[in-house]
Amino acid sequence: KALQFQVNPHFLFNALNTISCVCREDAQRARELLVILANYFRYNLDGSAGMVPMGEEINHVKDYLELEKGRFEDKLIVTYDVPSKMDILIPTLILQPVVENAVKYGINREGKRIVNISVKEMEEEFIVRISDKGKGFPAEVADMLEKGDTVGRSIGLSNVYKRMKSTYGEDGRIKISSSGDGSCVELCFKKGR
């Protein structure tokens, strides 16, 4: 539970500032963003849900990204490759820190934040890949994250590692691949857990 609720408070401030600016230009869009923000925090604050359907978690990530699009506008490009049916429960709030990291650091040479989220069903697992087109993880940062160490003041990805291990044990696989053309964080969710 403690790991589940370590959320970035700056996100709330950024979202409220964005909505405040949008109010002046487009009242209907500001209203839409407020409804999304309310849904986002309702999901975050539901402490009873330890495991949720993957579709709900993906919808939560979409709410997060819609709020970020309000902030970054056309400088945030998001694509999805997600099946319509994802019959698996996963830990609540496990994907958003990875997506948040992709938005924060996945800036390409043209100043655009390009994020792709894909979900593939395999025979024994679902594999979620969250990729970006940024500079990539430094090798030492990827090593620290794979050991579950906190990197600097950031707790998001190390939180995800710890939660995956506490939920799935050694089956809680997370893989980071990184190059100068971007990063990809792959999470493996075993079926029947």
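Just above sits the structure.
Residues numbered from 1 in each chain as written. Predicted model: local features only at pLDDT ≥ 70, side-chain atom pairs only at ≥ 80, totals over all residues. Heavy atoms only, no water.

A. Main features of the pairing of strand β6 (residues 174-179). Relative to strand β7 (residues 182-190), β6 runs antiparallel, the two being bridged by six bridges. Considered in β7, the bridge of S178 is made with S183. In this structure, the hairpin formed by β6 and β7 is closed by a connection of two residues. (Pairing = 2+ DSSP bridges. Helix = DSSP H or I, 4+ residues; strand = E, 2+ residues; numbered from the N terminus.)

B. Focus on empty space enclosed by the protein. Evaluation of the coordinates by the stated rule reveals one cavity of 30 Å³ or more. Considered as a void within the structure, the largest cavity measures approximately 30 Å³ in volume. Going through the elements one at a time, α4 (96-105) and β5 (125-132) are the ones with two or more residues in the lining of the largest cavity. (1 Å grid on protein atoms, 1.4 Å probe; cavity = no way out; pocket = protein on both sides within 12 Å on 5 of 7 lines; lining within 4 Å. Points joined across faces, edges and corners; volume = space filled by probe spheres on them.)

C. Local environment of a negative patch on the surface. A cluster of acidic residues, E25, D26, E73 and D74, forms a negative patch at the surface. Here D26 falls in the partly exposed class, since its relative accessible area comes to 35%. (Patch = residues over 30% accessible without salt bridge, like charges linked within 9 Å, V, L, I, M, F, W, Y side chains within 5 Å. Areas by Shrake-Rupley, 256 points an atom, 1.4 Å probe, with all protein chains shown as cover. Salt bridge = Lys/Arg side-chain N within 4 Å of Asp/Glu carboxyl O. Lys, Arg positive; Asp, Glu negative; His and termini not counted. Charge placed at Lys NZ, Arg CZ, Asp CG, Glu CD. Buried < 20%, exposed > 50% of the residue type's maximum accessible area, 1.4 Å probe, protein only.)

D. Seen up close, the packing of aromatic side chains. Per the counting criterion, the structure on display carries three aromatic pairs. Between Y40 and F41 the ring centres are 5.1 Å apart and the planes differ by 85°, which places this aromatic pair in the edge-to-face class. Assessed through its relative accessible area of 24%, F41 is described here as partly exposed. Centroid distance Y168 to F189: 6.0 Å. Interplanar angle 70°. Geometry classified as edge-to-face. Here Y168, found in helix α6 (residues 156-168), pairs with F189, found in strand β7; they are 21 residues apart in sequence, far enough to count as distant. Taken together, the ring pairs in this structure connect Y40, F41 and Y64 into an aromatic cluster. (Phe/Tyr/Trp six-rings, centres within 6.5 Å; stacked < 30°, edge-to-face > 60°.)

E. Fine view of the environment of F41. Tracing the chain through its elements places F41 in helix α2 (residues 27-45). Along the backbone, F41 and H60 are 19 residues apart, and their C-alpha atoms lie at a distance of 9.5 Å.

F. Fine view of the pairing of β7. In terms of burial, β7 is a largely internal element, nine of the nine residues being buried. Side chains G182, C184, E186, C188 and K190 of β7 all project onto a buried face; the interleaved residues S183, V185, L187 and F189 project onto the opposite face, where all are buried too. The sheet contact formed by β5 and β7 spans seven bridges and is antiparallel. Bridge pairing links I127 to C188 in β7.

G. Quick look at the packing of α4 against α6. Between α4 and α6, the shortest axis-to-axis distance is 8 Å and the interhelical angle comes to 155°. When the axis of α4 is compared with that of α6, the two are roughly antiparallel. For the crossing formed where α4 meets α6, the hand is left-handed. Taken together, the residues of α6 that come into contact with α4 (itself represented by P97, V98 and N101) are G156, L157 and V160. (Axes fitted to C-alpha atoms, helices over the stretch in contact; angles between N-to-C directions. Parallel < 35°, antiparallel > 145°, perpendicular 65-115°, else oblique. Left-handed = near helix turned anticlockwise from the far one by under 90°. Contact = heavy atoms within 4.5 Å.)

H. Molecular detail of the environment of M54. Summarising the element assignment, M54 is placed in helix α3 (residues 54-72). Taking the C-alpha atoms as reference, M54 lies 9.6 Å from F126; in sequence the two are 72 residues apart. If we ignore the near neighbours within four places in the chain, the residues touching M54 are M86, I88, I90, V119, F126, V128 and F189.

I. Up close: the nonpolar core. In this structure, M54, L65, L95, I130, L187 and F189 are the most contacted members of the largest nonpolar core, which totals 47 residues. It is α3 that provides the largest number of residues to this core, a total of seven residues. (Core = buried A, V, L, I, M, F, W, Y, C linked by side-chain atoms within 4.5 Å.)

J. Quick look at α6. Over its 13 residues, α6 extends 18 Å from the first C-alpha to the last, a length consistent with the 18 Å expected when each residue adds 1.5 Å. Among the residues of α6, those classed as buried are L157, S158, N159, V160, Y161, R163, M164 and Y168. Positive backbone phi, approximately 65°, marks G169, located one or two places after α6. (Expected span 1.5 Å × (residues − 1).)

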